[in-house]
Every structure is written in C-alpha cells, then in structure tokens.
Amino acid sequence: MSPLQGLLASHPRWVALTGAGLSAGSGIPTYRNDRGEWQRSDPIQHQQFIQQEGARRRYWARSMAGWTYVAASRPNEAHRALARLEALGHIPLLATQNVDRLHQAAGHRQVVDLHGRLDRVRCLTCAALYPRNAVQQQLLALNPFLDRPASAARPDGDADLDESAVDSVQVPSCASCAGTLMPDVVFFGGSIPTARLHSVDQALRNAGGLLVVGSSLQVYSGYRCCRQIREQGKPLYIINPGQTRADALADLRLRAGAEEALPALAQMLARRPAAAAMMDAQHG
C-alpha cells in the first residue's frame, strides 16, 4: 500500500477537488505549465464580456473553433476512477474547476461545477438557457468563413485564432428577448454563485479530508478549499505533476498524473473488506 493509499484508507470519506490537469488525458490542454506559469494568451475577463461588444465577438469567434474540441472529448481513466470512488462511498462530493462536464459523463453524480458548464449558454437579460450545440449551429450559419479547425484549443473552450477574422463575426442573440448570450461559466474576474460555495463548504465540514487532483491551485476558488480543510485540522492530499499554490499546506504531496495515481487507488479501496469499509465510514 502506498503512502497515499494508506492515508486515504484511514480517512475514508473526503471531498475531491479537480482542475484542468485531470482533463489533459482527454485531449483538453491545461492553462499552466508544471511551474504554475500561464502559457497561453490572456483569457477574456468577466467585465470585458459584459461591457465590450468587440470582446464578445472575439470570444464567440474563438469559442466557435474551440468548442468542437471540448464537445468531442471523452472521460479518461482518472474521471472513471473518481466515479468509482464515489460509488464505493469515499467521495460524498466532488468540486471541479473544469467546465467540460467530463465528470458527469464518467458517471459521477455529486458534482459541483464551481466555474459553471460550457455545454450551456445563458441570456444575461432574461436568464433563458440554451444548449451550447444549438448556439454553435447558429454561429456556423452566421459565420461560415470560420468553420475550420482551431490552431490550439483551451480548457474553457476558447481557442487561438487569427484576430483578423474577429471584426466580421456575427453573434446570435437570445431567441426570447434578443438579449446578450453568455456561456454559463464564470470567467476570470467573475464571482462563483454563493450556493455552489456553500455546498462545498458544507461538504468540507463533514468530510475527513480533501483530495486535490490536477490543479495548480493558482485560482482562489481551489486554494480557499485547501485553507479551509487545514483550518479544520483535517488532512490535505495533492496529486499533481507540477508545483501548486498549496504545496506547503499538504500532508502528502504526490507528483504524478491523475491517470497514473487514481485507478490504482480506486482498485485498492475496492478490494478492502466490506466490514472494514463500513466501520471506517462510521468513524470517518
């Protein structure tokens, strides 16, 4: 039994927190390198999208190309291992910074999408919701000249694109009120809905510890969870090949990829005697 397996077995119920590194094995690239440094063009900011028509055109032009990568992605072994751990009773809640919905596709049930979901679009005026695929078809119809592969996709469905094409982009409006459409995600500089934060906070209070997988924790929504669990005197375990913002807080730090570490962990815990697992759950 590895040190990680031993620690998690001794605290059988924990909250899982995942980041972009978990979906790298599904073909969706990460934002940062192994040193936690930003490695792509600056992402759109919340206020830019709200206030600037040009910024919205730029976003939708790039997203039109990048969405195809996200829509075609599939869960990898790490997603499936976490879903198995949930089914075994070890993960009462999973909080993810990802917007790709791959945890749900893998069968995970109790998921909080901290930063929202890219497969849905919301009207900023009337709050009507639309499937992202439907909006994609509208974008293609309005902008057939952009129907080509992107040079590089990004975790939020954005993509690197020739800026010369942006000025000509036409963006669809809400079919109900002609309002502005926005992906149902939290852009950089935006605020996570209070209900989502409350759900995670409650789960952390009831859990035996926190397991972080595939996140550099540079974004505060993830780092705050690490601080909370340590303030409660509970263990923090981090699985990430590169450095993270919370390395100094961790009880155990495993420099490994999610697809390397999680399937073995799920397999080991699945073999534990049912009676021992039940006893752990009563005291975890």
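Residues numbered from 1 in each chain as written. Predicted model: local features only at pLDDT ≥ 70, side-chain atom pairs only at ≥ 80, totals over all residues. Heavy atoms only, no water.

J.: What is the right way to read the packing of aromatic side chains from this model?
T.: A ring pair, where both rings are aromatic, is described by two values, the distance of the centres and the angle of the planes. Applying the stated rule across the entire model yields five aromatic pairs. With 5.2 Å between their ring centres and 75° between their planes, Y59 and W60 make a pair best called edge-to-face. Side by side, Y59 and W60 carry an identical accessibility label, which is buried. Centre to centre, the rings of Y59 and F187 are 5.3 Å apart; their planes meet at 70°, and the pair counts as edge-to-face. Within this pair, whereas Y59 is found in helix α3 (residues 53–72), its partner F187 is found in the loop between β8 (181–185) and α7 (194–206), the two being separated by 128 residues in sequence. What makes F187 buried here is its relative accessible area of 6%. An aromatic cluster is present here, built from F49, Y59, W60 and F187 joined pairwise through their rings. The cationic tip of R245 hangs over the ring face of Y223; the distance from NZ or CZ to the ring centre is 4.3 Å. (Phe/Tyr/Trp six-rings, centres within 6.5 Å; stacked < 30°, edge-to-face > 60°. Buried < 20%, exposed > 50% of the residue type's maximum accessible area, 1.4 Å probe, protein only. Helix = DSSP H or I, 4+ residues; strand = E, 2+ residues; numbered from the N terminus. Lys NZ or Arg CZ within 6 Å of the ring centre and 35° of its normal.)

J.: It is not clear to me how the environment of Q110 should be interpreted in this structure. Could you clarify?
T.: In this structure, Q110 sits in the loop between α5 (102–105) and β3 (111–113). Of the residues examined, Q110 reaches a relative accessible area of 45% and is grouped as partly exposed. With 19 residues separating them along the chain, Q110 and I91 place their C-alpha atoms 8.5 Å apart. In this view, Q110 contacts E86, P92, L93 and L94; residues no more than four positions away in its chain are not counted. (Contact = heavy atoms within 4.5 Å.)

J.: Explain the side chain of T18 here, please?
T.: Along the chain, T18 turns up in strand β1 (residues 14–18). Once you skip the residues sitting within four places of it in the chain, T18 turns out to touch L82, L94, A95, T96, Q97, N98, H103 and V213.

J.: Just to check I follow, could you spell out the packing of helix α1 (residues 3–10) against helix α9 (residues 258–270) for this structure?
T.: When two helices pack together, you describe them by how their axes are tilted relative to each other and by the distance separating the axes. Axis separation between α1 and α9 bottoms out at 10 Å; the angle between their running directions is 50°. As far as their axial angle goes, α9 and α1 are oblique. Note on packing geometry: the crossing formed by α1 with α9 is right-handed. Counting all contacts with α1, which are made through Q5, L8 and A9, the residues of α9 involved are A264, L265, M268 and L269. (Axes fitted to C-alpha atoms, helices over the stretch in contact; angles between N-to-C directions. Parallel < 35°, antiparallel > 145°, perpendicular 65-115°, else oblique. Left-handed = near helix turned anticlockwise from the far one by under 90°.)

J.: Would you mind going over the sheet that holds strand β4 (residues 116–123) with me for this structure?
T.: Within the open sheet, the three strands sit side by side as β5-β4-β8. Their pairing is antiparallel. At either end of the open sheet lies a strand with only one pairing partner, and these are β5 (129–131) and β8. On average, each strand axis in the sheet is inclined to that of its neighbour by 40°, with strand direction left out of account. As judged from the three bridges shared by β4 and β5, these two strands associate in the antiparallel manner. (Pairing = 2+ DSSP bridges.)

J.: How do you make sense of the pairing of strand β10 (residues 236–239) when you look at a structure like this?
T.: The side chains of a regular strand alternate, first on one face of the sheet and then on the other. Across the two faces of β10 the burial is the same, with L236 and I238 and Y237 and I239 all buried. Note: strand β9 (residues 209–213) against β10, four bridges, orientation parallel. What sits directly across from V213, in β10, is I239. Pairing of β10 with strand β11 (residues 252–254) involves three bridges; the strand directions are parallel. Looking at β11, one finds that Y237 is bridged to L252.

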